[in-house]
Amino acid sequence: MSGSFSLIIKSLLSVMCILVLTGSVRPSNLQETLMRGDITMVSRNSPTTYYEDRSGVTGYEYELAKSFADYLGVELKVVLADSTADIFPILDKGQAAFAAAGLTVTEKRQRRVHFAPSYLTSSGQIIYRRGGLKPKAIADLSQGQLVVSAQSSHSQRLRALQANELPELTWSEGADLEVSDLLQMVATGNIDFTVVDSNEFRMLQAYFPNLAIAFDLTEKQNVAWAFEHSRDNSLHLAAEEFFNLPQTQAKLLRLSERFYGHLDQLNYVGAKRFLKQTEKKLDRYKSEFQKAADQHEFDWRLLAAMGYQESHWNPRAKSFTGVRGLMMLTRNTARELGIKNRLDPKQSIEGGSRYLAKLRKRLGSDVQEPDRTWMAMAAYNVGFGHLRDARKLTLKMGGDPNLWHDVMETLPLLSQKRYYRKTTHGYARGQEPVDYVQNIRRYYDVLVWQDEQHPVFPQEEESIMLSSSTVTVIPPLL
């Protein structure tokens, strides 16, 4: 929290105490929040908003809201809505101070809630199954079954299209269907099309490699927090101040890189191949990854993702540079670690994990997680000396050498003479460690999704069947 805002809060608290004791004026919503010491947000349980992993609670919306609570100097509390439709009643009843749930700003919603400044943009995209019906225009949606989330911005857009352009348009709305449910239904052939926000599809596309974008249903729309319409707009004004802070803009850049920066690394072919290799090979080495992870304090799925990036889990892999084995150790590194046989997958996994842990330790505590692990992986690929050069260059160019977001922008410059001639270790193929780390992060996402959300691959899961209790069919206008 900034010093100036801290002084404001102390002054407000002093004033509030006097007002409350005298009973002359009711404190504002902001004042009540500061006195109470907590603020509640309503959100959705999804990979783009709020979820739990092995490290605890996280998610783009949660991390941003946590920063807002820290700015106010209060604790963040979370209420989870079962669906988008349930978010607005929770706000109306005063059960949450604001909604941080990936809500797009629409005219209809603006009549109901007060939106804070936008921090993302997103468009509604028509999703179809590869090899199935592929709509080329909105009119083609009538050729198959279209299902969307009830009371979503997408259902609002479809109603407008039906009323103004395509009276014959029909679709179904699911009250209890989340984005992942809808995508799974398309992937398994239970329905033909759905509509999801572009940022959510980017996040989930690798888990459903047989899905693709047909076209955008909407232009880009702003995404923002929602506050209840009220004469007392003190909390909304505090949110506006928060979003205008330079440190908040820096936070948004970091969150964008953390949650979205690596999503484009895995295309359709790569995702399909990875899922097949996971089926065929991962179980052979899973226990070794788990042992190494426990010993060196990593998530085993991260080490497994790294092993796939290195060798596609091939214990006899060999590169033109002479590195060998499942974790592709150099001869010198293997000798340093006491690894006698680089082609033994057990020794390779243990050695590679131990070497990664050493690199992470060398970075020191100034580099916070997860940036510390990403940089350690970059050093595993390109060498610690080149990483150090890139960090020095990052600092010289006005960036933060402790943030992966900034260092990954600088690493590719090590292949340009005007930059590398002034470094200690000289030329490096600097784009390679960037791609290396971003690929691993994407593979890791998929392994986490499989392990914690969908233990069986989406194309093999039991279909979610539609019934009259879960969907409402919107008939054509007469």
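Everything that follows concerns the structure shown earlier in this document.
Cut-offs used in this document
- Residues numbered from 1 in each chain as written.
- Predicted model: local features only at pLDDT ≥ 70, side-chain atom pairs only at ≥ 80, totals over all residues.
- Heavy atoms only, no water.
- Patch = residues over 30% accessible without salt bridge, like charges linked within 9 Å, V, L, I, M, F, W, Y side chains within 5 Å.
- Areas by Shrake-Rupley, 256 points an atom, 1.4 Å probe, with all protein chains shown as cover.
- Salt bridge = Lys/Arg side-chain N within 4 Å of Asp/Glu carboxyl O.
- Lys, Arg positive; Asp, Glu negative; His and termini not counted.
- Charge placed at Lys NZ, Arg CZ, Asp CG, Glu CD.
- Helix = DSSP H or I, 4+ residues; strand = E, 2+ residues; numbered from the N terminus.
- Buried < 20%, exposed > 50% of the residue type's maximum accessible area, 1.4 Å probe, protein only.
- Core = buried A, V, L, I, M, F, W, Y, C linked by side-chain atoms within 4.5 Å.
- Contact = heavy atoms within 4.5 Å.
- Pairing = 2+ DSSP bridges.
- Axes fitted to C-alpha atoms, helices over the stretch in contact; angles between N-to-C directions.
- Parallel < 35°, antiparallel > 145°, perpendicular 65-115°, else oblique.
- Nonpolar A, V, L, I, M, F, W, Y, C, P; charged D, E, K, R; others polar.
- Polar contact = N/O pair within 3.5 Å; in protein donor to acceptor, adjacent residues only side chain to side chain.

Chemist: How would you sum up a positive patch on the surface? Please name residues and give values.
Modeler: A grouping of Arg130, Lys134, Lys136, Lys272, Lys276 and Lys280 is seen on the molecular surface, where their side chains present a positively charged patch. With respect to the helices and strands, the residue Lys280 is situated in helix H11 (residues 268–296). Here Lys280 falls in the exposed class, since its relative accessible area comes to 59%.

Chemist: Run through the nonpolar core, naming residues and quoting values.
Modeler: Core analysis: the biggest nonpolar cluster contains 76 residues, and Leu183, Phe289, Trp313, Met377, Tyr380 and Trp404 have the highest contact counts within it. For this core, the element with the highest residue contribution is helix H19 (residues 431–453), accounting for 10 residues. If we skip the residues at most four places from it in the chain, Trp313 touches Phe274, Gln277, Thr278, Lys281, Leu282, Tyr285, Phe289, Ala304, Gly307, Tyr308 and Leu326. By size, the runner-up hydrophobic cluster in this structure holds 34 residues, among which are Ala100, Ala238, Phe242 and Leu245.

Chemist: I'd love a proper account of unusual backbone geometry, names of residues and values included.
Modeler: Phi is mostly negative for residues that are not glycine, and the peptide bonds are mostly trans. Cis geometry is adopted by the peptide bond preceding Pro370, which originates at Glu369 and carries an omega value of 5°. With respect to the helices and strands, the residue Pro370 is situated in the loop between helix H14 (345–363) and helix H15 (371–382). Of note, Gln151 is a non-glycine position whose phi angle comes to about 55°, a positive value. As for its placement among the helices and strands, Gln151 is situated in the loop between strand E9 (147–149) and helix H6 (153–164). Classification of Gln151 as partly exposed rests on a relative accessible area of 48%. Its identity is not glycine, yet His312 carries a phi of approximately 55°, on the positive side. Note on His312: relative accessible area 32%, which makes it partly exposed.

Chemist: Could you give an account of the sheet that holds strand E8 (residues 124–129), with specific residues and numbers?
Modeler: Read from one edge to the other, the open sheet built from 3 strands follows the order E11-E8-E12, with strand pairing classed as antiparallel. A single partner strand is all that each edge strand has here, and the edge strands are strand E11 (193–197) and strand E12 (211–216). Pairs of neighbouring strands in the sheet enclose a mean axial angle of 40°, with direction left out of account. Pairing of E8 with E11 involves 5 bridges; the strand directions are antiparallel. Bridge pairing links Gln125 to Val196 in E11. Sitting on the sheet, helix H7 (residues 179–187) is in contact with E8, E11 and E12, with an inclination near 145° to E11.

Chemist: Lay out the pattern of salt bridges in plain terms, naming residues and giving numbers.
Modeler: Applying the stated criterion to the full structure yields 16 salt bridges. Where Arg159 meets Glu173, a salt bridge forms, and the shortest distance between an N and an O atom there is 3.1 Å. Taken as a pair, Arg159 in helix H6 and Glu173 in strand E10 (residues 171–174) lie far apart in primary sequence, 14 residues in all. Notably, a salt bridge pairs Arg442 with Asp445, separated by 3.4 Å at the nearest N-O pair. Taken together, the positions of Arg442 and Asp445, both in helix H19 and 3 residues apart, correspond to about one turn of that helix. According to the relative accessible area criterion, Arg442 is buried, its value standing at 1%.

Chemist: Account for the packing of H15 against helix H16 (residues 384–396), with residues named and values stated.
Modeler: Packing of H15 against H16 leaves a shortest axis separation of 7 Å and a crossing angle of 125°. In this view, H15 runs oblique relative to H16, as classed from their interaxial angle. Residues Met375, Ala378, Ala379 and Val382 of H15 touch H16, and the partners they reach there are Phe384, His386, Leu387 and Arg391. Residue composition of the contact of H15 with H16, by class: 6 nonpolar, 1 polar and 1 charged.

Chemist: How would you sum up the side chain of Glu61? Please name residues and give values.
Modeler: Note that Glu61 resides in helix H3 (residues 60–72). One buried charged residue, Glu61, forms no salt bridge at all, with the nearest opposite charge on Arg44 at 7.1 Å. What Glu61 contacts, discounting residues up to four positions off in sequence, is Ser43, Thr48, Thr49, Ala100, Ala101, Gly102, Tyr119, Val223 and Trp225.

Chemist: Requested: an account of the side chain of Gln125, with residues and values cited.
Modeler: Structurally, Gln125 can be placed in strand E8. At 3.3 Å, the side chain of Gln125 and the side chain of Asp216 are in polar contact. Other than its neighbours up to four places away in sequence, Gln125 contacts Thr194, Val195, Val196, Ser198, Phe201, Ile213, Phe215, Asp216 and Leu217.

Chemist: Can you lay out the sheet that holds strand E1 (residues 38–44) for me, pointing to particular residues and giving the numbers?
Modeler: Across the sheet, 5 strands lie side by side as E4-E1-E5-E14-E6; this open sheet has mixed pairing. Each edge of the open sheet is held by one strand with a lone partner, namely strand E4 (75–81) and strand E6 (113–115). Sheet topology places E6 next to strand E14 (residues 226–228); 3 bridges connect them, and they run antiparallel. The residue bridging Val113 from the neighbouring strand is Glu228, located in E14. Of the strands in this sheet, E1, E6 and E14 touch helix H9 (residues 234–244), which is tilted by about 160° from E14.

Chemist: Please provide a residue-by-residue account of the pairing of E8, values included.
Modeler: Counted residue by residue, E8 has 6 buried out of 6 residues, so it is predominantly covered. Here E8 shows two buried faces, one formed by Gly124, Ile126 and Tyr128 and the other by Gln125, Ile127 and Arg129. Here E8 pairs with E12 via 5 bridges, running antiparallel. Looking across to E12, one finds that Tyr128 is bridged to Ala212.

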